[in-house]
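A closer look at the structure
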Amino acid sequence: TELLLQTIERSIYNAMRIGNTEDTKIILEMVGQNKKLLGVRIFHPHGVVLKSSIGEEVGKPVSAEDYQLYINNRKEGVTYSEDKGEVLRMLKPIYNDEQCHVCHGHKTKVIGILNINYSLQETRQRQVEVTKLFIFSTIATIAFLSLTISMVMFRFVRTPLNLLVDKMAKVEEGDLSVRMEQISND
């Protein structure tokens, strides 16, 4: 999301530098077509939407969550709503560079705030799937290792010990002709 935010900023910077606000609108609308993005907008530091991927937002107040992030001088935040689920909200101030002074003057430091709202619903769903896969693979690995260790213990420890116990039992019964045969070189 941060990379997308930087890419959008560079794209609109070039359009805004030459005063082409129509290209800025088109760029926001094109980027906003992504289903994971719930909105891409530029709002004024006073909280009014200047440009947006959602045409109906222009001229209206930005959402309280996004404006609160700006007021609290934060660049990102995650909120939850019943209809949209978890939403990652990211902000990037657009500073008043020298090229901007032609249209915006030189008195204000921040001339707008670029804002992206990204749905985390698919990301969370993938996290759940990966967690389930991790749990399943962990259980399968533990079961395989347990079975392998049990077979090794049975083959190389229990069988020779049982053989030794059987031979010793015969010796205890008085059969002194019992001999142990060497199974391995350990």
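Glancing now at the environment of Ile-94. Tracing the backbone shows Ile-94 in strand 4 (residues 85-95). Distance from Ile-94 to Gly-112, taken between C-alpha atoms, is 5.1 Å for residues 18 residues apart in sequence. Not counting the four nearest positions on each side in its chain, Ile-94 is found in contact with Ile-12, Ile-42, Lys-109, Val-110, Ile-111, Gly-112, Ile-113 and Leu-114.

What follows concerns helix 1 (residues 2-17). Taking 1.5 Å per residue, 16 residues should reach 22 Å; helix 1 reaches 22 Å between its end C-alpha atoms and fits that length. Buried within helix 1 we find Leu-5, Ile-8, Ile-12 and Ala-15. Angularly, the buried residues of helix 1 cover 95° about the axis, an arc narrow enough to put them on a single face. Along helix 1, exposed side chains directed more than 90 degrees from the buried face belong to Leu-3 and Arg-10. Structurally, helix 1 contributes buried residues whose contacts are with helix 2 (21-31), strand 1 (37-43), strand 4 and strand 5 (110-119).

This part is about the sheet that holds strand 5. Reading across from one edge, 2-1-5-4-3 is the order of the five strands in this open sheet, with antiparallel pairing throughout. Two strands lie at the open edges of the sheet, namely strand 2 (49-52) and strand 3 (76-81), each paired on one side alone. Between one strand axis and the next, the sheet turns by 25° as a mean value, whatever way the strands run. When strand 1 meets strand 5, the two strands line up antiparallel, connected through six bridges. Bridge pairing in strand 5 links Leu-37 to Tyr-118. Across the sheet, helix 3 (residues 64-71) touches strand 1, strand 3, strand 4 and strand 5, and the angle it forms with strand 4 is around 45°.

A few words now on unusual backbone geometry. Phi is positive for Asn-73, which is not a glycine, with a value near 60°. Mapped onto the fold, Asn-73 is located in the loop between helix 3 and strand 3. Judged by its relative accessible area of 71%, Asn-73 falls in the exposed class.

Time to look at the pattern of salt bridges. Where charged atoms of side chains with opposite charge meet at close range, the side chains can pair. For the coordinates displayed, the defined rule picks out eight salt bridges. For the salt bridge of Arg-126 with Glu-122, the shortest nitrogen-to-oxygen distance reads 2.9 Å. Residue Arg-126 and its partner Glu-122 are both found in helix 5 (residues 121-172); the two are separated by four residues, about one turn of the helix. Glu-122 gets classed as partly exposed once you look at its relative accessible area, which sits at 32%. One network of salt bridges, in which partners are shared, links Arg-41, Glu-57, Glu-65, Asp-66 and Arg-89.

On to the nonpolar core. The biggest cluster of nonpolar side chains holds 16 residues, and the ones touching the most others in it are Ile-8, Ile-12 and Leu-114. Listed by contribution, the elements that provide at least two residues to this core are helix 1, helix 2, strand 1, strand 4 and strand 5. Sorting elements by how many residues they give to this core places strand 5 first, with four residues. With residues near it in sequence (within four places) discarded, Ile-8 still touches Leu-28, Val-31, Val-40, Leu-114 and Ile-116. The next biggest cluster of nonpolar side chains, apart from the first, holds seven residues, and it includes Phe-43, Val-62, Leu-69 and Leu-91.

Before going further, it helps to spend a moment on the packing of aromatic side chains. Two numbers describe a pair of aromatic rings. These are the distance of the centres and the angle of the planes. Under the defined criterion, the tally for this structure stands at three aromatic pairs. When the ring of Phe-43 is compared with that of Tyr-70, the centres are 6.2 Å apart and the planes differ by 90°; the resulting orientation is edge-to-face. Taken together, the residues Phe-43 in strand 1 and Tyr-70 in helix 3 connect sequence positions 27 residues apart. Each member of the aromatic cluster is reached from another via a ring pair, and the members are Phe-43, Tyr-67 and Tyr-70. The ring of Phe-156 has Arg-155 sitting right over it, with the charged end atom 5.4 Å from the ring centre.

The rules behind the values
Residues numbered from 1 in each chain as written. Predicted model: local features only at pLDDT ≥ 70, side-chain atom pairs only at ≥ 80, totals over all residues. Heavy atoms only, no water. Helix = DSSP H or I, 4+ residues; strand = E, 2+ residues; numbered from the N terminus. Contact = heavy atoms within 4.5 Å. Expected span 1.5 Å × (residues − 1). Buried < 20%, exposed > 50% of the residue type's maximum accessible area, 1.4 Å probe, protein only. Arc of directions from axis to C-beta. Pairing = 2+ DSSP bridges. Axes fitted to C-alpha atoms, helices over the stretch in contact; angles between N-to-C directions. Salt bridge = Lys/Arg side-chain N within 4 Å of Asp/Glu carboxyl O. Core = buried A, V, L, I, M, F, W, Y, C linked by side-chain atoms within 4.5 Å. Phe/Tyr/Trp six-rings, centres within 6.5 Å; stacked < 30°, edge-to-face > 60°. Lys NZ or Arg CZ within 6 Å of the ring centre and 35° of its normal.

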